[in-house]
Each structure stands twice: as C-alpha cells, then as structure tokens.
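# Observations on the three-dimensional arrangement
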Amino acid sequence: MKKLLIIGASGLTGYKLANLSAQKFEVYGSYNNRAVTIENCEIFQLDKTDKEKIDSVIKELKPNIIVDCSALHNVDYCETHHEETWNVNVNSPSYITDLCKEINARFIYISTDYVFDGTAKKYNEKSKTNPLNYYGISKLRAEEKIATSGISYAIARTSLVFGWNPGELKGQKSSSGKTMNFVIWALNKLRDGESLKIVNDQFSTPTLADNLAEFLLSLANSTVSGIFHTVGAECINRYEFTLKIAKIFNINRKLITPVSSDMFKQVAKRPMRCCLDVNKAQLLLKVKPLSIEESLLKMKAQEKEMKNSHTI
Ligand SMILES: NC(=O)c1ccc[n+]([C@@H]2O[C@H](COP(=O)([O-])OP(=O)(O)OC[C@H]3O[C@@H](n4cnc5c(N)ncnc54)[C@H](OP(=O)(O)O)[C@@H]3O)[C@@H](O)[C@H]2O)c1
C-alpha cells in the first residue's frame, strides 16, 4: 500500500479525506491545535511552520503522496498578519515542495477561488489570476512555487467548503483562524431563532467537504500534474445559499434578510463573483460535482446518523 500523508487531518477537508482514503492507502495525518482520532489513520501533532519537524517527519515517513489541507485562511486575519500568513501559506508549502523533490513524492495542494478578482462570469483553470487580498496572494504564490518545481503535483482550487467536522462541532479553536464553516455557523444561528443578514452580491461555488475529498482521492491516485477546479456543481450568492440551507433543514426562511456587501465593513477585499468551472476535474477525475441540494441533503442524513449513534 502507498503511504499518504495528510497535513491538517483535523481540518474539515483533511478529516474527510483521511476517512475516505483509509482503506486505499496507509494513511498518516497531522493536527496542530485540535487533537483528533481517525480510524486506520496514524495521527500526530505537527506545526507546519516548524521546518525541522517537517523535515524529520517527511524524511522518516517517506510518503508517496502528501496532501496539504492546512492553511491560515481567515481572510481578514491574513490581511493584517502578513508575516504569519506568508510563513504558513507560502514558506511552509514551498519547503514541503522541496522535500517532495528530494524523496520523489507527489504533492497535492489545496488552493482557493480567491486567486481571482471576481470580475469574470466564470473561471476555468486557464483564466487569468488577480488576487484582491493578501490571503489570495499568498495562496497564488504557493501555487507558482509548486507548479514550477518539476515535481508531480496537483493544485486543487476550491470554494466555500462546508460539512460536518468533529472539531468544529465541539467548537475547538483551529490554528487556521476558522473554527466553523459557513453552513454550521448559519444552522446554529438559525436554529437558535436568530435573524441573519446575508449578502446577496457575493457569488461562489459552495463545495461539500465530502465531495472535495473525492476529488482529492482521485488526484492522489492519479499521476497527472496541473491545476484543477474541484468544486460543487453550482455558483450561487450567499443569501440564496442560506435560503437553501433553511429549506433543507426545515427552518423559517423569514429569519434571513438579503443585504449588500456595503452593509459590512470587511477588512480584506472580496472578489464579488467567483464562479469556478468544474468541467476539467469532473471529466479527468471521474468525480461527480454535487448540486447544493444534494450536498445539503447528504449533510442532513449524516446529522441523523450522528444523532442515532450518539456521536453528537
Ligand atoms: N473553507 C473554505 O471555505 C475554503 C475555500 C477555499 C479554499 N480553502 C482551502 O482549503 C484548505 C482546507 O480548508 P478547510 O476549510 O478544510 O480548513 P480548516 O477546517 O480550517 O482546517 C485547516 C487545517 O489546517 C491546520 N493548520 C492551520 N495552521 C497550521 C499550522 N501552522 N501547522 C499545521 N497545521 C495547521 C489546522 O489544524 P488545527 O485545526 O489542528 O489547528 C486544520 O487541520 C485550505 O488550504 C484553505 O485555504 C478553503
């Protein structure tokens, strides 16, 4: 069995990938702040900015494939913490790239729709990048380093990732700067009867973490190098997305009011319309991108299962 190392297995995406790949690979996973247990996965603590530790872990383990699911991705925090952001999002993946070259490992790196400026109707893998904020700049810089390194690699750009994650359900603080994904945040508020003002002018391509994990597993099994847009099937604004959440989880939609982005003072600039084209990934990786309704229904079924097995 090939060895797969997942950096950030305590995160939403890393956790799903670790569970999905456990039967197909010998899986190793790291956490930073939030200790986690995953069946058939050897878990250990690792701060990805600790060069010496990364060096010894990777050289000792000699994984065939490394998937980096970790990042500092609180966009507003990144805007005011440049040095820390660069260290986590650029220096560390650059160093991992060098190590991949040394041990001849394949590197799968997760990037973001925020490498674009949001002015085009739709973005494919050949579209011109133009990040508007420091987070986007840092992710693009890491992409460039990996893509020009000569190693076997895949860059999986994704968008608005959501789903259930044990660490998030316990409210544990993640070093990513994001402790809760949008759907869990909205569900918690709405179930408490809180009214929500949600922007109707920011569009993205929401992606169920389980679906993203399928794309990543396919990339881990592949040898093709390049950029892939690994997202759900639909582009939608935040307000409409929240209405769908309310509909699937039987919550009163009157709690949700549409507002424009001008209502909020956000530190970092956001691209207004980031719709990623998933055709290349769907075709080459043979994974079906899920619609929003399919994704939310899957989450609803998973919640029922977790309640029945008393895991929540
Ligand atoms: N979430 C989105 O909407 C979204 C959209 C586009 C792209 N992305 C990209 O997708 C990837 C995965 O996102 P996600 O939402 O699954 O992330 P997440 O749930 O916030 O988890 C992030 C992971 O990174 C780890 N981490 C953070 N700083 C670290 C450090 N210094 N050393 C080691 N590990 C560290 C965290 O560890 P602990 O929790 O144990 O501290 C956690 O395992 C990221 O690269 C992100 O940039 C996400």
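It should be noted that the structure appears before, not after, this text.
Residues numbered from 1 in each chain as written. Predicted model: local features only at pLDDT ≥ 70, side-chain atom pairs only at ≥ 80, totals over all residues. Heavy atoms only, no water.

Our focus in this paragraph is the overall build of the chain. Each helix and strand in the chain was counted, giving eleven helices and 13 strands. Against the globule reference of 20 Å for 312 residues, the chain gives a C-alpha radius of gyration of 19 Å, in line with a compact fold. Residue burial in the chain is summarised as follows: out of 312 residues, 56% are buried. The contacts of the chain with a sequence gap of at least 6 include a subset with a gap of at least 24, amounting to 74%. (Helix = DSSP H or I, 4+ residues; strand = E, 2+ residues; numbered from the N terminus. Rg over C-alpha atoms; globule rule 2.2 N^0.38 Å. Buried < 20%, exposed > 50% of the residue type's maximum accessible area, 1.4 Å probe, protein only. Contact = heavy atoms within 4.5 Å.)

Attention now moves to the packing of aromatic side chains. Inspection of every chain in the model, using the stated rule, returns seven aromatic pairs. Centre to centre, the rings of F107 and Y109 are 6.3 Å apart; their planes meet at 55°, and the pair counts as tilted. The same class applies to F107 and to Y109, which are both buried. Geometrically, the ring pair formed by F116 and Y123 is stacked, given 4.1 Å between the ring centres and 15° between the ring planes. Of the two residues examined, F116 and Y123, each falls in the buried class. Each residue in the set F162, F182, W185 and F241 is aromatic and connected to the rest through ring pairs, giving one cluster. Lying over the aromatic face of Y95, K51 brings its terminal NZ or CZ to 4.7 Å of the ring centre. A cation over an aromatic ring shows up here: R238 above the ring of F182, its NZ or CZ 4.7 Å from the ring centre. (Phe/Tyr/Trp six-rings, centres within 6.5 Å; stacked < 30°, edge-to-face > 60°. Lys NZ or Arg CZ within 6 Å of the ring centre and 35° of its normal.)

Okay, the pattern of salt bridges next. Under the criterion given, the structure shown has twelve salt bridges. For E102, the salt bridge goes to K59, with nearest N and O atoms at 3.5 Å. Here the residue E102 occupies a position in helix 4 (residues 82-103), and K59 occupies one in helix 2 (residues 51-61), the gap between them amounting to 43 residues. Assessed through its relative accessible area of 55%, E102 is described here as exposed. Of the charged contacts in the structure, one is a salt bridge between K189 and E194, with a shortest N-O distance of 3.7 Å. Several salt bridges share partner residues, and in doing so they unite D55, K59 and E102 into one network. (Salt bridge = Lys/Arg side-chain N within 4 Å of Asp/Glu carboxyl O.)

Counting across every chain of the model gives one disulfide. Covalently, C235 is tied to C275 through a disulfide, its sulfur atoms 2.0 Å apart. Across the disulfide from C235 to C275, rotation about the S-S bond amounts to roughly -65°, and the bridge is consequently left-handed. You can see C235 sitting in the loop between strand 11 (226-229) and strand 12 (236-237) and its partner C275 sitting in the loop between strand 13 (256-259) and helix 10 (279-285), a full 40 residues away along the chain. (Disulfide = S-S within 2.5 Å.)

Turning our eyes to something else, we now look at the sheet that holds strand 2 (residues 26-31). Overall, parallel pairing links the seven strands, which are arranged 3-2-1-4-5-6-11 in an open sheet. Every other strand in the sheet has two partners, leaving strand 3 (41-45) and strand 11 as the edge strands with one partner each. Averaged over all pairs of adjacent strands, the angle between their axes in this sheet comes to 20°, without regard to strand direction. As paired strands, strand 1 (residues 3-7) and strand 4 (residues 65-68) are joined by four bridges and run parallel to one another. By the bridge assignment, I7 is partnered in strand 4 with D68. Strand contacts of helix 4: strand 1, strand 4 and strand 5 (106-112), with the helix running at about 160° to strand 5, the strand carrying the most contacts. (Pairing = 2+ DSSP bridges. Axes fitted to C-alpha atoms, helices over the stretch in contact; angles between N-to-C directions.)

Close to the ligand lie 30 residues; S10, T13, Y135, S175 and S176 are nearest. In the environment of the ligand, an oxygen atom lies 2.8 Å from a nitrogen or oxygen atom belonging to the backbone of L12. Here S175 contributes a side-chain N or O atom positioned 2.6 Å from an oxygen atom of the ligand. In the complex, 96% of the free accessible area of the ligand, which totals 900 Å², lies under the protein chains. Elements that contribute at least two residues to the shell around the ligand include exactly helix 1 (12-21), strand 5 and helix 5 (134-147). Looking at the shell around the ligand residue by residue, the class counts come to nine nonpolar, 15 polar and six charged. (Near = heavy atom within 4 Å. Polar contact = N/O pair within 3.5 Å; in protein donor to acceptor, adjacent residues only side chain to side chain. Areas by Shrake-Rupley, 256 points an atom, 1.4 Å probe, with all protein chains shown as cover. Nonpolar A, V, L, I, M, F, W, Y, C, P; charged D, E, K, R; others polar.)

This part takes up the pairing of strand 2. Burial within strand 2 is extensive, with five of its six residues counted as buried. Bridge count for strand 1 against strand 2 is five bridges, and the pairing is parallel. Directly across from K3, in strand 2, lies its bridge partner E26. Pairing of strand 2 with strand 3 involves five bridges; the strand directions are parallel. Within strand 3, the residue paired with Y28 across the bridge is E42.

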